[in-house]
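What follows is the residue order along each chain.
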Amino acid sequence: MNLEWLIYLILILPFLGGVLNCLIPKQDERSHAAITHAVAGLHLLATLATIVCWVVRGAVPWKSHAISLYSSHDYHFALSWVVDWVTVAFLATLSIVSFSITRYAIVYLAKDEGYRRFFSTLCFFVFGFSVVVLADNFEMLFAGWEFLGITSFLLISFYRYRVRPVKNALKIFTIYRFGDVGLLLGAWLSQLVWHQTLNFDRLSEFALSIDTPLENTEALFISLLIVFSAAAKSAQFPFCFWIPKAMEGPTPSSAIFYGALSIHVGVYILLRMFPLWGGFFIAKAFLFSIGLLTVLIASSATRVQANIKAQIGYSSLIQVGFMFCEIALGLETLCLIHVISNAFLRGYQLLVSPSVVSYLIRYHNEVPERQKRGIFQGPHLNHRRVLATWYLFALREGFLEGLLEKTFWNPIKYIGHRSSFLFPKGLLWIFLLLGATTAGLGVSSAFAARVEFTTPIMACLAILSVLASLSERQSALRAWSLLGLTQVFLVASVAVTDHFSARDLLIYLSGIALFWPLGVGVLKSLPVQDLSGFHGLYGSFKRIDLVFLICCLGVAGFPISPSYLGEDLILHHATQERMWLALLIAFCFIISGISA
């Protein structure tokens, strides 16, 4: 049995299921159920066959043949997959849990208006998770990571005619983009340190090859970025406030995302890259502190939740915090066992929670025993002021959301609002021509040195234009135009480097040139451009909403266009002497995705 063919079967099946569900009319629930059920079952069989084949081969780490997609200088982007104990544990958990939840959701969501939308998104989520756990390099892992982010956003906002689910989905998407910063900068720094693609099967070799103080410092920074990304994705401190907000979606999506699978992606990243960061005591101490703080905050917050799904979500969060501590202590095998057991338990608890609540209320009219005796009542906690302070702290999840809002988002919105006047409607085309001319001159070796002084100017213009787009509330077309202008300024800011080629420029701009004009056409076809209403324009123009969503993903560098590869190329051209430029570029990528 060919292991490589089985891997591609695992990847193709859910993607094909998602596409087929999109093509079938939404009224045909029986076909959607049959396709998703078949895909989940075949995915489970292919996973089991992969595990058996791998064990028969000796249960030693296995890597597929690399398929090169792009090479330039010391940059190499390739499709390659790896199978080891970490992959097997997460892949088996994914297949079993997704199959069980599919069986449950087929009945649970019957006659729901979003039946097709749910199963299409679920298939794409399984595809993205499969890519993450099978990826052998940073680039492929980030592609799967992006699929997880957009499917999470779509399922949390599943009930899109209600205000809270949509607002919560946007908030959680912004936290996911925080994690993207860590992965983007980690991939960029790894290219600078080792001058080649960071393959996960060779992490130990890369870690041993560090032989200078500068490389050691950069490797430590990569380690801290990995820990930061894992914390954002798994809702650990200081991002542990978004778990109850993620429970606004249907119960099956809550079970598969924030009970069983998605919440453990941060743990997977830490286990996969442990040989790279595990040698740094500072990184381990940082990770242990994050896990411990999460346990303390989440264990308090779970006792004041009125929603049973939020209680289970925080309980899962506590266990993930313990997993972070286990990894920091080097207990990798114990952590894998912990992941599998917690995934099955929390998934089961979330699936049965509606039935349990309904049964208790309908037949017994019961109040949970914990609430009868008081939430924080205990033998050593009799002081009212201490109890009141602790209760408020737990109710507000440590005030972490408000702290992030005041220290990060409010300044960003303020700067974006104030900088909007710099880009009046009549001058947008002039700015576009200026950025394009600078990029064109920078690609030419004869003129690159003459326009090198424009790098900080173009980088600042990119930052200001993307923030102005984010804060724009009057015209959708203006916000979209500023996003396109940001992409041009980004390219112009790095075009003057000595190894930036016209081919790299075209790869990045080809995706923008396809999706941005299409988005302009969609917006111009609409009679209303106001962005102040909650539902936007979806209620009146349902047929083109998917087209514009695809345009947003393409402009934001989602892995459906060449611009995804172009993001890596642009960051790759931010040299070691220009670390500030890499930070600004990564910031622009993240904010442009949120703005779109």
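No experiment lies behind these values; they were computed from the predicted model shown.

Novice: I would appreciate a short explanation of the overall build of the chain in the present structure.
Specialist: Regarding its fold elements, the chain presents 25 helices and 4 strands. Against the compact-globule benchmark of 25 Å for 596 residues, the chain has a radius of gyration of 24 Å, which places it among compact chains. Principal axes of the C-alpha set define a box for the chain whose edges measure 80 × 60 × 60 Å. Taking the contacts inside the chain whose residues are at least 6 apart along the sequence as the reference set, 78% of them involve residues at least 24 apart. By element, 67% of the accessible surface of the chain is carried by carbon and sulfur atoms, the whole surface being about 25400 Å². One finds the centroid of the 41 positive side-chain charges in the chain at a distance of 13 Å from the centroid of its 33 negative side-chain charges.

Novice: Even after reading the chapter, I still don't get the packing of helix α6 (residues 163-194) against helix α17 (residues 400-419), so can you show me in this structure?
Specialist: For any two helices packed against each other, one specifies the crossing angle of their axes together with the interaxial distance. Two elements in contact, α6 and α17, have axes separated by 13 Å at closest approach and are oriented at 65 degrees. With respect to their mutual orientation, α6 and α17 come out roughly perpendicular. Crossing geometry of α6 relative to α17 is assigned as left-handed. For the pair formed by α6 and α17, the contact residues are Lys 171, Thr 174, Ile 175 and Phe 178 on the first element and Glu 401, Leu 404, Phe 408 and Trp 409 on the second. Grouping the constituent residues of the contact of α6 with α17 by class yields 5 nonpolar, 1 polar and 2 charged.

Novice: Explain the environment of Ile 7 to me, please; I cannot follow it from the model alone.
Specialist: Along the chain, Ile 7 turns up in helix α1 (residues 3-23). When the C-alpha positions of Ile 7 and Thr 47 are compared, they lie 8.2 Å apart, and in sequence the two are 40 residues distant. Each residue touching Ile 7, except ones within four places of it in the same chain, is listed here: Thr 50, Trp 62, Trp 81, Val 83 and Leu 134.

Novice: Sorry if this is basic, but what is going on with a nonpolar patch on the surface here?
Specialist: On the surface, a cluster of nonpolar side chains totalling about 610 Å² of accessible area is made up of Phe 288, Leu 292, Leu 293, Leu 296, Leu 329, Leu 331 and Leu 334. Looking at the nonpolar patch, the element that brings in the most residues is helix α12 (residues 281-301), giving 4 residues. Counting through the fold element by element, Leu 329 comes out in the loop between α13 (308-328) and α14 (332-364).

Novice: Quick question: what am I supposed to make of the nonpolar core here?
Specialist: Nonpolar side chains in soluble globular proteins tend to end up buried together. Counting 190 residues, the largest nonpolar core has Trp 242 and Tyr 258 as its most contacted members. For this core, the element with the most residues is α6, which contributes 15 residues.

Novice: Quick question: what am I supposed to make of the pattern of salt bridges here?
Specialist: When their charged atoms lie close together, side chains carrying opposite charge are able to pair. The final tally for this structure, using the stated rule, is 11 salt bridges. Across the salt bridge formed by Asp 136 and Lys 63, the nearest N and O atoms sit 3.2 Å from each other. Of this pair, Asp 136 sits in the loop between α4 (115-134) and α5 (138-156) while Lys 63 sits in strand β1 (residues 62-63), placing them 73 residues apart in sequence. A residue is classified by how much of its surface remains accessible, and Lys 63, at 31% relative accessible area, is partly exposed.

Novice: Teacher, can you tell me more about the pairing of strand β3 (residues 75-79) here?
Specialist: Remember that side chains alternate between the two faces of the sheet whenever the strand is regular. Judged by how many residues are buried, β3 sits mostly within the fold: 4 of 5 residues are covered. Sheet topology places strand β2 (residues 67-72) next to β3; 5 bridges connect them, and they run antiparallel. Of the residues in β3, the one forming a bridge with Ser 68 is Ala 78.

Novice: Is there a simple way to think about helix α9 (residues 251-260) in this case?
Specialist: A large share of α9 lies buried, amounting to 10 of its 10 residues. Inspection of α9 places Thr 251, Pro 252, Ser 253, Ser 254, Ala 255, Ile 256, Phe 257, Tyr 258, Gly 259 and Ala 260 among the buried residues, and these make up the whole buried set.

Novice: Looking at this structure, I do not really get helix α25 (residues 579-595). What am I missing?
Specialist: Within an α-helix, residues lying three or four positions from one another point in the same direction, as the helix has 3.6 residues per turn. Look at α25: 24 Å from first C-alpha to last across 17 residues, which is about the 24 Å you get at 1.5 Å a residue. Every buried residue of α25 is accounted for by Leu 581, Ala 582, Ile 585, Ala 586, Cys 588, Phe 589, Ile 590, Ile 591, Ser 592, Gly 593 and Ile 594. Where α25 is buried, its residues contact α6, α17, α20 (455-471), α21 (476-494), α22 (502-524) and α24 (562-572).

Novice: Would you mind showing me how to read the environment of Asp 28 here?
Specialist: With respect to the helices and strands, Asp 28 occurs in the loop between α1 and α2 (29-56). For Asp 28 and Leu 395, which are 367 residues apart along the polypeptide, the C-alpha to C-alpha distance reads 43 Å.

Novice: Looking at this structure, I do not really get the side chain of Glu 29. What am I missing?
Specialist: Relative to the elements of secondary structure, Glu 29 occurs in helix α2. Apart from the residues within four sequence positions on either side, Glu 29 is in contact with Ala 110, Lys 111, Asp 112 and Tyr 115.

Novice: I keep staring at the packing of aromatic side chains and nothing clicks. Help me out?
Specialist: The geometry of two aromatic rings is summed up by the distance between their centres and the angle between their planes. Using the criterion set out here, one finds 25 aromatic pairs in the structure. Aromatic side chains Phe 15 and Phe 124 sit 5.7 Å apart centroid to centroid with 70 degrees between the ring planes, which places their arrangement in the edge-to-face category. In this pair, Phe 15 is assigned in helix α1 and Phe 124 in helix α4, connecting sequence segments 109 residues apart. A relative accessible area of 36% places Phe 15 in the partly exposed class. Judged by relative accessible area, which is 18%, Phe 124 ranks as buried. The interplanar angle of 70 degrees and the centroid separation of 6.1 Å between the aromatic rings of Phe 138 and Phe 200 together place this pair among those described as edge-to-face.

Novice: It is not clear to me how the side chain of Gln 305 should be interpreted in this structure. Could you clarify?
Specialist: With respect to the helices and strands, the residue Gln 305 is situated in the loop between α12 and α13. Judged by its relative accessible area of 12%, Gln 305 falls in the buried class. Here the side chain of Gln 305 touches Ala 301 through a polar contact of 3.1 Å, landing on its backbone oxygen.

Conventions adopted
Residues numbered from 1 in each chain as written. Predicted model: local features only at pLDDT ≥ 70, side-chain atom pairs only at ≥ 80, totals over all residues. Heavy atoms only, no water. Helix = DSSP H or I, 4+ residues; strand = E, 2+ residues; numbered from the N terminus. Rg over C-alpha atoms; globule rule 2.2 N^0.38 Å. Contact = heavy atoms within 4.5 Å. Areas by Shrake-Rupley, 256 points an atom, 1.4 Å probe, with all protein chains shown as cover. Lys, Arg positive; Asp, Glu negative; His and termini not counted. Charge placed at Lys NZ, Arg CZ, Asp CG, Glu CD. Axes fitted to C-alpha atoms, helices over the stretch in contact; angles between N-to-C directions. Parallel < 35°, antiparallel > 145°, perpendicular 65-115°, else oblique. Left-handed = near helix turned anticlockwise from the far one by under 90°. Nonpolar A, V, L, I, M, F, W, Y, C, P; charged D, E, K, R; others polar. Patch = residues over 30% accessible without salt bridge, like charges linked within 9 Å, V, L, I, M, F, W, Y side chains within 5 Å. Salt bridge = Lys/Arg side-chain N within 4 Å of Asp/Glu carboxyl O. Core = buried A, V, L, I, M, F, W, Y, C linked by side-chain atoms within 4.5 Å. Buried < 20%, exposed > 50% of the residue type's maximum accessible area, 1.4 Å probe, protein only. Pairing = 2+ DSSP bridges. Expected span 1.5 Å × (residues − 1). Phe/Tyr/Trp six-rings, centres within 6.5 Å; stacked < 30°, edge-to-face > 60°. Polar contact = N/O pair within 3.5 Å; in protein donor to acceptor, adjacent residues only side chain to side chain.

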